[in-house]
Amino acid sequence: GDGEVTQVKLIRNNQTGTLPESLGGLLSLEKLILKYGNIMPPLPSSIVILKYGNIMGPLPSSIADLVQLTRLTISSHSITGAIPPLDKLTKLSIIELNDNDISGPFPPAMGRLTSLEQVLLHKNRISGTIPPLDNLTSLWYFDVGFNEIEGTCPSFQNFAPEWGSTFNVNNNHLSGHIPFFSNLPELIEINLAHNNLTGPVPLFEGLNALFVLTLTNNSLSGPLPDLTRAPFLEFAYFDYNELSGSIPTFGHGSLKTLYINNNNFTGPLPDLTNLTKLNDLCLYYNKFSGPIPRFPLKLVEVIAAHNLFNGSLPDTGYLKDLKRINFR
């Protein structure tokens, strides 16, 4: 009704210490945005959006009872301890707790929060396993990189077709095979780097917006897939794996960066001149053989040392942007 407080903002006010407990009595409060304040006050269950800055210590258990909450944002601060139970937060669409010191298991209830759209938990110390995400059909941004998560990599296959979709689980302890990715036309980034993933690199079919693919430092084996199935891929990182076989012909010119170094590739390199936008090419520590091919015009750096190439280096005078070349 008239006179009810629905929003509180305390920004750039040099607030320190404990905020008044009277905030908990604002039963119509929907939005609480606090830039400063070391200790979180009691919270009324009416809160829809909670954005908090500079909090220290564990998250209060009362967060688990904010049944109207749609957004929880407390990132880049000093939160410790585990994430409270999320079972009751069925309206939660954004959880943003990245860049903290959160530990404890990955919230098991997250796989049941069907309103979730964005999950940002990267750069913490969260452990345990990620629950199945197949029921989260509104989810389109998922970043839990730089944690201590184990188990298998969850599937992204049922995620929402939202432009800018991102799937980042890099720098964890995930094992098993890469899940199936296909027909996700709005997905722009997949980052599975620095895990313990094994098996083949799957075909990435129908990923018409995929811009960055990072599979660095796993134990992936088998051949390099046909990258033409991701026609707008610009940055591809397959380095530090156990991939083998010959390199397929590249049928499109969108690639700007290709890292396939520190693998077990063999045979001659295919024609590279149709990669008209390629700037950076890393091939070192493989078993490539045969003559060194002609390079694409935009090349800035090529490192191909520790292979079995023969013959002389082709003329590079036409490469006006070239800054570094190494075949020794």
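Residues numbered from 1 in each chain as written. Predicted model: local features only at pLDDT ≥ 70, side-chain atom pairs only at ≥ 80, totals over all residues. Heavy atoms only, no water.

Novice: Lay out the overall build of the protein chain with the relevant residues and their values.
Specialist: Within the protein chain one finds zero helices and 25 strands. Every one of the 328 residues in the protein chain was classed for burial, and the buried ones make up 48%. A fraction of 25% describes how many contacts in the protein chain between residues 6 or more apart in sequence connect residues 24 or more apart. Entry remark: accessible area of the protein chain is about 14,500 Å², with carbon and sulfur atoms responsible for 50%. (Helix = DSSP H or I, 4+ residues; strand = E, 2+ residues; numbered from the N terminus. Buried < 20%, exposed > 50% of the residue type's maximum accessible area, 1.4 Å probe, protein only. Contact = heavy atoms within 4.5 Å. Areas by Shrake-Rupley, 256 points an atom, 1.4 Å probe, with all protein chains shown as cover.)

Novice: Give me the lowdown on the side chain of D143, citing residues and values where you can.
Specialist: Its place among the elements puts D143 in strand β10 (residues 141-143). K123 provides the closest opposite charge to the buried, unpaired D143, separated from it by 8.4 Å. If near-sequence neighbours (up to four positions away) are discounted, D143 is found in contact with V119, L120, L121, H122 and N168. (Lys, Arg positive; Asp, Glu negative; His and termini not counted. Salt bridge = Lys/Arg side-chain N within 4 Å of Asp/Glu carboxyl O.)

Novice: For the pairing of strand β16 (residues 219-222), give the residues involved together with the corresponding values.
Specialist: Only one face of β16 is buried: it carries L220 and G222, and the other face, with S219 and S221, is open. Where strand β14 (residues 196-199) lies against β16, two bridges are found, and the strand directions are parallel. Bridging across to β16, G199 finds its partner in L220. (Pairing = 2+ DSSP bridges.)

Novice: Describe the packing of aromatic side chains, listing the residues and the values that go with them.
Specialist: Under the definition given, this model contains 12 aromatic pairs. With a centroid separation of 5.1 Å and 75 degrees between ring planes, the pair formed by Y237 and Y259 is classed as edge-to-face. Here Y237, found in strand β17 (residues 235-237), pairs with Y259, found in strand β19 (residues 257-259); they are 22 residues apart in sequence, far enough to count as distant. Overall, the relative accessible area of 22% leaves Y237 in the partly exposed class. (Phe/Tyr/Trp six-rings, centres within 6.5 Å; stacked < 30°, edge-to-face > 60°.)

Novice: Let's hear about the sheet that holds β16: which residues, and what values?
Specialist: Sheets are built from strands that pair by backbone hydrogen bonding, the pairs being arranged parallel or antiparallel. If you walk across this open sheet you meet the seven strands as β12-β14-β16-β18-β20-β22-β24, and the pairing is parallel. At either end of the open sheet lies a strand with only one pairing partner, and these are β12 (175-176) and β24 (308-310). In terms of strand pairing, strand β18 (residues 242-245) meets strand β20 (residues 264-267) through two bridges, oriented parallel. Of the residues in β20, the one forming a bridge with G245 is F265.

Novice: Can you tell me about the nonpolar core, naming the residues and giving the values?
Specialist: Core analysis: the biggest nonpolar cluster contains 82 residues, and I95, L97, L121, F142, F181 and F238 have the highest contact counts within it. When residues of this core are traced back to their parent elements, those giving at least two are β3 (49-52) and β13 (187-191). Among all residues touching F142, those that are not within four sequence positions of it are F106, V119, I130, L133, F156, F159, T166, F167, N168 and V169. (Core = buried A, V, L, I, M, F, W, Y, C linked by side-chain atoms within 4.5 Å.)

Novice: Let's hear about the environment of P105: which residues, and what values?
Specialist: Structurally, P105 is set in the loop between β8 (101-102) and β9 (118-120). Taking the C-alpha atoms as reference points, P105 and A82, separated by 23 residues in sequence, lie 7.1 Å from one another. Not counting the four nearest positions on each side in its chain, P105 is found in contact with I126 and S127.

Novice: A description of the sheet that holds strand β6 (residues 78-81) should follow, citing residues and the corresponding values.
Specialist: Read across the sheet, three strands follow the order β4-β6-β8 without closing on themselves; strand pairing throughout is parallel. Of all the strands in the sheet, just β4 (56-58) and β8 have a single pairing partner and so form its edges.

Novice: Hey, could you go over the environment of I325 for me, with residue numbers and the actual values?
Specialist: For I325, the position within the fold is in strand β25 (residues 324-326). When its relative accessible area of 31% is taken as the criterion, I325 is described as partly exposed. Considered as a pair, I325 and E301 are 24 residues apart in the sequence and their alpha carbons are 5.9 Å apart. When near neighbours in sequence (up to four residues on either side) are disregarded, I325 contacts F295, V302, L313 and T316.

Novice: Before we move on, could you go through the pairing of β3 and cite the residues and values that matter?
Specialist: The alternating pattern of β3 places L50 and Y52 on a buried face, while none of I49 and K51, on the opposite face, is buried. By the bridge criterion, three bridges tie β3 to strand β5 (residues 71-73) in an arrangement that is parallel. Bridging from a neighbouring strand, I49 pairs with R71 of β5.

Novice: How would you summarise the side chain of D239 if you had to cite specific residues and measurements?
Specialist: Looking at the secondary structure, you find D239 in the loop between β17 and β18. One buried charged side chain, D239, makes no salt bridge at all; its nearest oppositely charged neighbour is R324, positioned 13 Å away. When near neighbours in sequence (up to four residues on either side) are disregarded, D239 contacts L215, T216, N217, Y259, I260, N261 and N263.

Novice: Talk me through unusual backbone geometry; I want residue IDs and the actual numbers.
Specialist: One non-glycine residue, F146, adopts positive backbone phi at about 60 degrees. Within the secondary structure, F146 is located in the loop between β10 and β11 (165-168). The backbone of Y285 shows a phi angle near 55 degrees, a positive value even though the residue is not glycine. When you line up the elements, Y285 lands in the loop between β21 (280-282) and β22 (287-291).

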